[in-house]
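# Structural overview for review
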Amino acid sequence: MIAINSKLPNVGASIFPVMTGLANEYKAVNLAQGFPDFPTSPKLISLVNDYMKKGMNQYAPPPGILPLRERIAEMTFNLTGKSYSPDKEVTITAGGTQAIYSVIEALVREGDEVIIFEPAYDCYAPNIRVHGGIPRPVELTPPDYKIDWENVKKLISHKTRMIMLNTPHNPTGTILSKKDIDELIKITKNTDILILSDEVYEHIIFDGQTHHSMAKYPVLAERSLIVSSFGKTFHTTGWRMGYLLGPDYLMAEIRKLQQYAVYTCITPIQYAIADFMASPEHYMEVKSMYQEKRDYFAGLMRNTRFDLLPVAGSYFQTAHYNKISEEGDYDFAIRITKEFGVATIPTSVFYTSNADHKVIRFCFAKTEDTLHRAVDRLMKI
Ligand code: GLN
């Protein structure tokens, strides 16, 4: 073997494909990895097909095709009141994960500190480290996973380059409140701290609550890069289509690097989504569809011994299993996949400290039939 010096020596495979692999092996119902098991719109599929047939099969411009960037800017303006320039401030990415990677790659340097809130989506800390940055985690705990801003203040120094936020939050399903936004404004005032805001579940918010996008608050928007994802909104996680919003001078740096990483994203799908987004109901109806699913799943889960935690957004439901077992959450998740045939995600993997609060995450982006089959099995535990 030729010796190499790993850039991420302590990182193994992401939990998502691991649990999906185990679910497939044991023929378990897969409520682990977050992806819908129902189809996307036939109209969207035929638009992709049409554009392929029309010959839109060659490179798009690296920032994405202009009509799609225009539709995104219109949607963002209508939902937040913030106007982004389609030309300079909107960029199409190969999914939310690549957008996050490119922002960190462009803006975090050796020794820079980045504040993250844990449990944190699993790509955040490795992406910071691989670029020489230092993740500074703030631990959030169940049942409400609220941010203690005093703890955040203690971590802020001249080394703080960035604060990474995620609302609605994966894996907990919590959202930032107006009070959190006020604290964030206070904490970042008169600093050079950038914000990377992962808002990929922006359209999935429950019970009439409000999504507080960074775009809504001018003093935050001017320091924020906002990530979103068509995979989540149009049930197409395998298409790898996301986008990034942010001030032009920051976006210019990100685009420089992105062009040499992915060059550009898939062309016919960009044209198809641009057409599809011309009808706002295609993204506005996502909220009520998922509200029904969340309520349906929560209703069924009342017949089990799991204790559900509050969920305000995203397509995830977390639950305590204290009444069932004292096992660690990882072992518990593996065991119920093998023995009871339902795969879930343990939340300890999202903490640097591996804090085990005996909470697992269920994905309810599934048909009623799938949810029913899963809960029938969970009732036996
Ligand atoms: N975002 C999805 C989840 O949290 C999965 C993404 C992935 O598999 N990388 O489950």
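This text goes with the structure placed above it.
Rules used throughout
- Residues numbered from 1 in each chain as written.
- Predicted model: local features only at pLDDT ≥ 70, side-chain atom pairs only at ≥ 80, totals over all residues.
- Heavy atoms only, no water.
- Helix = DSSP H or I, 4+ residues; strand = E, 2+ residues; numbered from the N terminus.
- Buried < 20%, exposed > 50% of the residue type's maximum accessible area, 1.4 Å probe, protein only.
- Near = heavy atom within 4 Å.
- Polar contact = N/O pair within 3.5 Å; in protein donor to acceptor, adjacent residues only side chain to side chain.
- Nonpolar A, V, L, I, M, F, W, Y, C, P; charged D, E, K, R; others polar.
- Domains from an automatic or database assignment.

Moving on to unusual backbone geometry. Here the amide bond leading from Pro142 into Pro143 is cis, since omega sits at 10°, within 30 degrees of zero. Along the chain, the position of Pro143 falls in the loop between strand 4 (134–139) and helix 6 (149–155). Across the junction of Thr167 and Pro168, the peptide omega takes the value -15°, indicating a cis bond. Phi angles above zero are rare outside glycine, and Asn190 is one such case at about 55°. Along the chain, Asn190 falls in the loop between helix 7 (178–188) and strand 6 (194–198). A relative accessible area of 75% places Asn190 in the exposed class. In this structure, Arg240 takes a positive phi of about 55° despite not being glycine. The topology assignment puts Arg240 in the loop between helix 9 (230–233) and strand 8 (242–245). The exposure class assigned to Arg240 is partly exposed, which follows from its relative accessible area of 38%.

For the ligand, the full set of nearby residues is Phe16, Gln33, Gly34, Tyr121, Asn170, Tyr201, Phe316 and Arg361. At 2.6 Å, a side-chain N or O of Gln33 approaches an oxygen atom of the ligand. Taking Tyr121, its side chain carries an N or O atom lying 3.3 Å from a nitrogen atom of the ligand. Broken down by class, the residue content of the shell around the ligand amounts to 4 nonpolar, 3 polar and 1 charged. Each of domain 1 (15–40 + 284–378) and domain 2 (58–278) gives at least three residues to the shell around the ligand.

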